[in-house]
Amino acid sequence: MDRVRVALLGCGVVGSEVARLLLAQADDLAARVGAPLELVGIAVRRPDRPRPGIDPALLTDDAEGLVARADVVVEVVGGIEPARSLMHAAFRHGAGVVTANKVLLAEHGPELFEAASAADVDLYYEAAVAGAIPLIRPLRESLAGDRVTRFLGIVNGTTNYVLDQMDTTGAGFGDAVERAQALGYAEADPTADVEGYDAASKAAILASLAFHTRVPGEAVHREGITGVSAADVAAAARMGCVVKLLAIGSREPEGPDGPAGVTVRVHPAFVPRSHPLAGVRGPFNAVFVEAEAAGELMFYGPGAGGTPTAGAVLGDVVAVARHRVHGGRGPGESAYADLPTLPLSRVLTRYHVRLEVADRPGVLARVADAFAAHGVSIEQVRQQAVGEDEAAELVVVTHVAPDTALSDTVADLAGLDVVLDVTSVMRVEGE
Ligand SMILES: NC(=O)c1ccc[n+]([C@@H]2O[C@H](COP(=O)([O-])OP(=O)(O)OC[C@H]3O[C@@H](n4cnc5c(N)ncnc54)[C@H](O)[C@@H]3O)[C@@H](O)[C@H]2O)c1
Ligand SMILES: N[C@@H](CCO)C(=O)O
Ligand code: NA
């Protein structure tokens, strides 16, 4: 093969950087691949729009036609359609695909991996989870001989920036989101990030890979950070913790509560300041992976941004192009373990519960009784007066308890006449 033809679909934040780096590093990439990479075209919606540094002759609005002329298709359009159809078209034409599209993989991964396998071509997606951080390849290849038992990480840069601002400046949620938008971290519509959808797609992809099973995006338990208040962040600080949006996947053994399987969840949690994840600041990402032989591994770096993400895309382009030149293909989907995704009731966690209660004799005992009635053991209780009236804030930290026992406790607490409000319920993770 005297050259590898690369088609780029999408020329936005990531795509424009992929195009720039492909051209700027052409000689190095050719040496690494064993043949030159030829950028044969860039599919865009508006080919007439000038794009600095990009030859207008490369621009086309005929994405289908471009895909038919490529050996490697880079999909950085995002969303479900037309990305999904274009990837299928690439496979039909015998082209390998590199994508950064976590939404598409979390929703339609199995179908796309099957199509790639049937066509005997590659589907690579390092940039889809935690941007530039090498994470997909270590899970898919370096840890292929090990048994991953758990991952715990920060996989959304926007929400990490927002929570970090709330922690370091005392800002409220709304102000912190506005700062994230002003800096270009958060989109004009930040729903996918702040409601945890983006992190849930990434958690689904990581869990599928790590546990050799299929976890669809909708099977991930998802809570965003819109309910996290400045008071929650301050309460975390008083406990020596910081609030982080975590993505957690875990193998659960067979037990009295049900069969073996996996749990996968995304939610805000208190993380002790001594834990390495607490030190992940601003828009950075980090993922802890625990494996039986390797022990604890941590992957850290920029989880987003045009240039870092384009670097991860190009790493995949080199791998897929090498296979075109030298033959063979990389590992495909590995879902042989076929483990069920278990309900959250199988998860054991510590909880931090904040209540507003009447400040009179016997209240503490009644609150403690509600926890005891569901077998939830209390580790710490702290009370402080609030305002002038006869109310107090009560903070209860539990020992590990099943999720269902805690939610039943909270329902009972909310029904007590001495409890004026259950202000917040947060999990405590990472100890
Ligand atoms: N931006 C990041 O930091 C980042 C990080 C990791 C992964 N990703 C993923 O990379 C992908 C691209 O993200 P982005 O930030 O570059 O988005 P973007 O919105 O900046 O770019 C997407 C581009 O695709 C174009 N487009 C849409 N429909 C098209 C079509 N039918 N034909 C041709 N072009 C079309 C849009 O006009 C836009 O220019 C997404 O899947 C995203 O989730 C982005
Ligand atoms: N919106 C994502 C981009 C990377 O997928 C984030 O904030 O992490
Ligand atoms: Na990555």
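Residues numbered from 1 in each chain as written. Chains lettered and ligands numbered in written order. Predicted model: local features only at pLDDT ≥ 70, side-chain atom pairs only at ≥ 80, totals over all residues. Heavy atoms only, no water.

By the definition in use, this model includes four aromatic pairs. Ring centres of Tyr 161 and Tyr 185 lie 5.0 Å apart, and the angle between their planes is 55°; on these two criteria the pair is classed as tilted. Here Tyr 185 lies in the loop between helix H8 (173-182) and helix H9 (191-194) and Tyr 161 lies in helix H7 (residues 157-169), a separation of 24 residues in the sequence. Its relative accessible area of 9% is what places Tyr 161 among the buried residues. Geometry around Tyr 124 places Arg 140 over its ring, the cationic atom sitting 4.4 Å from the centre. Over the ring of Tyr 197 we find Arg 222; its NZ or CZ atom is 3.8 Å from the centre of that ring. (Phe/Tyr/Trp six-rings, centres within 6.5 Å; stacked < 30°, edge-to-face > 60°. Helix = DSSP H or I, 4+ residues; strand = E, 2+ residues; numbered from the N terminus. Buried < 20%, exposed > 50% of the residue type's maximum accessible area, 1.4 Å probe, protein only. Lys NZ or Arg CZ within 6 Å of the ring centre and 35° of its normal.)

We now examine the site of ligand 1. Taken together, the neighbourhood of ligand 1 is formed by 18 residues, with Val 13, Val 14, Gly 78, Lys 102 and Gly 305 sitting nearest. Taking Val 14, its main chain carries an N or O atom lying 2.9 Å from an oxygen atom of ligand 1. At 3.1 Å from an oxygen atom of ligand 1 is found a side-chain nitrogen or oxygen belonging to Lys 102. In isolation ligand 1 offers 820 Å² of accessible surface; the protein chains occlude 74% of this area. (Near = heavy atom within 4 Å. Polar contact = N/O pair within 3.5 Å; in protein donor to acceptor, adjacent residues only side chain to side chain. Areas by Shrake-Rupley, 256 points an atom, 1.4 Å probe, with all protein chains shown as cover.)

With that settled, consider helix H5 (residues 102-118). Its maximal kink placed at His 108, H5 deviates by approximately 90°, while the proline Pro 110 follows within four residues. All of the buried residues along H5 are Leu 104, Leu 105, Ala 106, His 108, Gly 109, Leu 112, Phe 113, Ala 115 and Ala 116. On the buried face of H5, the contacting elements are helix H4 (83-92), strand E5 (96-99), strand E6 (123-124) and helix H10 (197-211). By the N-cap criterion, in which a side-chain oxygen at the helix start approaches the backbone nitrogen of a residue two or three places on, H5 is capped by Asn 101, the distance to Val 103 being 3.4 Å. Looking one or two residues beyond H5, the residue adopting positive phi is Asp 120, at roughly 60°. (Bend = angle between axes of the 7 residues up to and from the residue. Contact = heavy atoms within 4.5 Å.)

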